Amino acid sequence: EADRRWLEELGPLELELPGLERYVQNPVVITTTNDGAVDGPPGFDGLTSMWFTDMSAFDAALDSDQWAAADRCAAEIFDAHWRGGDASAEIEERVRRVGMGAVADGVSTPPDDPVKLVGFLRYRPDMTREDANNYWRTTHGQIALRITEMGHYVQNHAIRGAGGRAEPGFDGYSEAWFTDFAAYEQAMASPEWKALVADGPELFDMSVFLSGIVRERVLKEYRG
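Attention in this report is confined to the structure presented alongside it. Since we're looking at a predicted model, the values are computed, not measured.

Side note on the packing of aromatic side chains
The description of an aromatic ring pair rests on the distance of the ring centres and on the angle between the ring planes.
Next up, step 1: Applying the stated criterion across every chain, the model contains 13 aromatic pairs.
Next up, step 2: Centre to centre, the rings of tryptophan 6 and phenylalanine 78 are 5.4 Å apart; their planes meet at 90°, and the pair counts as edge-to-face. Note that tryptophan 6 is positioned in helix H1 (residues 2-15) and phenylalanine 78 in the loop between helix H3 (65-75) and strand S4 (90-97), a separation of 72 residues in sequence.
Next up, step 3: The class for tryptophan 6 is buried, based on a relative accessible area of 3%.
Next up, step 4: Among the residues examined, phenylalanine 78 registers a relative accessible area of 32% and is labelled partly exposed.
Next up, step 5: Ring geometry for phenylalanine 58 versus tryptophan 67: centroids 6.2 Å apart, planes at 75°, classification edge-to-face.
Next up, step 6: The exposure class assigned to phenylalanine 58 is buried, which follows from its relative accessible area of 11%.
Next up, step 7: Taken together, Phe44, Trp82, Phe120, Phe170 and Tyr173 form an aromatic cluster joined through their ring pairs.
Next up, step 8: Taking the ring centre of tryptophan 51 as reference, the NZ or CZ of arginine 22 above it sits at 4.8 Å.
Next up, step 9: Above the face of the tryptophan 82 ring, arginine 83 is positioned so that its terminal group lies 4.9 Å from the ring centre.

Below, the structure written as structure tokens:
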């Protein structure tokens, strides 16, 4: 019922937001850990991604009647204070590998419903945000890029809560695409993936790490 309302009720409201350039819903379809797919409920239910023309357009959207209407609907479906913080954040998107038919525009993602793995991340509390961002961009990112089965890869760094109105409940999330489930399982069993997992505690608080395989629902495609 929550997923139906997300698609049929909240989706149309958010599509009316001024300045919205691209809109994707990502419901979780398979629960995962760093060891692969597992049975049981997911640690999160999904992820909405929205792209706006520029910061002024985003600020205008935040103050619009359309945003207020969507926010009221979202509050009936989602936990707005997930993990003790705000459930939304402004994101600095870093596309680290373009592939699997994705357009190299810094926004688009692979077509044809491949396997998409999302991991929600929080930095270690003893690291500054600058140091953590740099480590993720460089050392940890380079280890991830050795995983040949991973056809498309994006790092999403949380900059601040939406409009600076609250502290986000996460520091970022990763997105990795695989051609199919067999390629995902092959990656999970590879020494390169094991090296990535081993490096995780150098950067992230793994006690609050959450991941899941999602299905992209592109409700508005980027036309830029």
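Side note on unusual backbone geometry
Next up, step 1: Despite not being glycine, methionine 100 has its phi angle at roughly 60°, a positive value.
Next up, step 2: Along the chain, methionine 100 turns up in the loop between S4 and strand S5 (115-121).

A short note on helix H4 (residues 129-144)
The α-helix advances 3.6 residues per turn, and as a result positions three or four apart in sequence lie on the same side.
Next up, step 1: Maximum bend of H4: about 40°, positioned at tryptophan 136.
Next up, step 2: For H4, the full list of buried residues reads Ala132, Asn133, Trp136, His140, Gly141, Ile143 and Ala144.
Next up, step 3: Along its buried surface, H4 packs onto S4, S5, strand S6 (152-160), strand S7 (172-178) and helix H6 (191-199).

Cut-offs applied
- Residues numbered from 1 in each chain as written.
- Predicted model: local features only at pLDDT ≥ 70, side-chain atom pairs only at ≥ 80, totals over all residues.
- Heavy atoms only, no water.
- Phe/Tyr/Trp six-rings, centres within 6.5 Å; stacked < 30°, edge-to-face > 60°.
- Helix = DSSP H or I, 4+ residues; strand = E, 2+ residues; numbered from the N terminus.
- Buried < 20%, exposed > 50% of the residue type's maximum accessible area, 1.4 Å probe, protein only.
- Lys NZ or Arg CZ within 6 Å of the ring centre and 35° of its normal.
- Bend = angle between axes of the 7 residues up to and from the residue.
- Contact = heavy atoms within 4.5 Å.

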